[in-house]
2 protein chains.
Amino acid sequence: MRLSLEEAEKLVNKLNFRHADNTIVAVIQDSKTREVLTVGFMNREALLKTLTTGYLHLWSTSRKKLWLKGETSGNIQIVVDVKVDCDADAVLVLVRPVGPICHTGNFSCFYRGLMELETGD
Amino acid sequence: MRLSLEEAEKLVNKLNFRHADNTIVAVIQDSKTREVLTVGFMNREALLKTLTTGYLHLWSTSRKKLWLKGETSGNIQIVVDVKVDCDADAVLVLVRPVGPICHTGNFSCFYRGLMELETGD
């Protein structure tokens, strides 16, 4: 999925960037396995870059910068489709991962059950 | 899934409530269909209530209050499992919906493609 800048801007203007740093929430799901891979935030620029390049970009709320997922690891996430929620302040991005999205090497950042946090202390 | 308050508190203490209003992000996924239903935020209290009652509770960032999903509609979301992400500031809640989670009557809040926003203006 790749849009022209003009098309992308038209869509982006309809979203409600109401979260911290003027962001929307972005849930990332594997388009084939339907596994939820990660969740992050996108400001206007991150969403525009995602739509015009076809590669997942996020806004890093801790580092305060635009972030092409896989920029250093090479594990780019190719965008297959984008859904928007009822109040237009969140998107669901369906991707085809070239490699694991998580810095731990897991395909999903949600690789642990909550109960597993109990072990080891 | 229902935990005692003691068990729940132990787990909740390991999470990093670093988003606005001291929250974590909560992605809600249908445990059977694997459809992503919605995304929201949970403060400490919302997660504790979710874990101890077995029903999905969120923190409403617009209304600034704790919110039992389905409180008025009856469309309770029964918690089947909870996963935690790599940096412990987001959870993935797997639910069995008694009815649609979305106020529009759709089973998922992500019922529209982003491109569909273009129609009608």
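All values derive from a computational prediction rather than experimental measurement. (Residues numbered from 1 in each chain as written. Chains lettered and ligands numbered in written order. Predicted model: local features only at pLDDT ≥ 70, side-chain atom pairs only at ≥ 80, totals over all residues.)

Chemist: Before we move on, could you go through the overall build of chain A and cite the residues and values that matter?
Modeler: Along the backbone of chain A there are two helices and seven strands. For chain A, the N- to C-terminal ordering of α and β elements is α-β-β-α-β-β-β-β-β. Against the globule reference of 14 Å for 121 residues, chain A gives a C-alpha radius of gyration of 15 Å, in line with a compact fold. A principal-axis box enclosing the C-alpha atoms of chain A has dimensions of 50 × 30 × 25 Å. For chain A, buried positions account for 40% of its 121 residues. The long-range fraction of contacts in chain A, counting pairs at least 24 apart against all pairs at least 6 apart in sequence, stands at 47%. (Helix = DSSP H or I, 4+ residues; strand = E, 2+ residues; numbered from the N terminus. Rg over C-alpha atoms; globule rule 2.2 N^0.38 Å. Buried ≥ 20, exposed ≤ 12 C-beta atoms within 10 Å, placed from the backbone. Contact = placed C-beta atoms within 7 Å.)

Chemist: For the UniProt feature "binding site: Zn(2+)" (unreviewed entry) in chain A, give the residues involved together with the corresponding values.
Modeler: As recorded in UniProt, the feature "binding site: Zn(2+)" (unreviewed entry) lies at Cys86(A), Cys102(A) and Cys109(A). These annotated residues cover 24 residues of sequence, and their C-alpha atoms reach 28.0 Å apart at the extremes, leaving them scattered rather than at a single site. Mapping Cys86(A) onto the fold places it in the loop between strand E5 (77-84) and strand E6 (90-97). Taking the C-beta count within 10 Å as the criterion, Cys86(A) has 17 such neighbours and is therefore assigned partly exposed. With sequence-adjacent residues up to four places away left out, Cys86(A) is seen in contact with Cys102(B), His103(B), Thr104(B) and Cys109(B). (UniProt positions renumbered as here; feature names shortened; annotations may be inferred.)

Chemist: Residues and numbers for the interface of chain B and chain A, please.
Modeler: With 31 residues of chain B in contact, the opposing surface of chain A contributes 31 residues. Among the elements that line the side of chain B that touches chain A, the one with the most residues is strand E5 (residues 77-84) of chain B, at four residues. A class-by-class count of the residues in the side of chain B that touches chain A yields 17 nonpolar, six polar and eight charged. Two elements, E5(A) and strand E7 (residues 112-113) of chain B, share two bridges in a ladder whose sense is antiparallel. Directly across from Val84(A), in E7(B), lies its bridge partner Arg112(B). (Nonpolar A, V, L, I, M, F, W, Y, C, P; charged D, E, K, R; others polar. Pairing = 2+ DSSP bridges.)

Chemist: Please give an account of the environment of Val84(B) that cites residues and values.
Modeler: With respect to the element layout, Val84(B) can be found in strand E5. Those residues in contact with Val84(B) that sit more than four places away from it in its chain are Phe110(A), Arg112(A), Leu114(A), Leu117(A) and Val91(B).

Chemist: Describe the nonpolar core, naming the residues involved and giving the relevant values.
Modeler: Nonpolar side chains tend toward joint burial in soluble globular proteins. Grouped together as the largest cluster of nonpolar side chains are 64 residues, with contacts concentrated most on Ala26(A), Val27(A), Val93(A), Ala26(B), Val27(B) and Val93(B). Residues in contact with Val93(B), not counting those within four places in the same chain, are Ala26(B), Ile28(B), Leu56(B), Val79(B) and Val82(B). (Core = buried A, V, L, I, M, F, W, Y, C linked by C-beta atoms within 7 Å.)

Chemist: Account for the UniProt feature "binding site: Mg(2+)" (unreviewed entry) in chain A, with residues named and values stated.
Modeler: Residue and element names in this part refer to chain A. Within the UniProt annotation, "binding site: Mg(2+)" (unreviewed entry) is assigned to Asp85, Asp87 and Asp89. You can call Asp85 buried: it has 27 C-beta atoms within 10 Å. Counting through the fold element by element, Asp89 comes out in the loop between E5 and E6. Overall, Asp89 belongs to the partly exposed group, with 18 C-beta atoms counted inside 10 Å. Sequence-distant contacts of Asp89, that is, excluding residues within four places in its chain, are made with Asn16, Arg18, His19 and Ile24.

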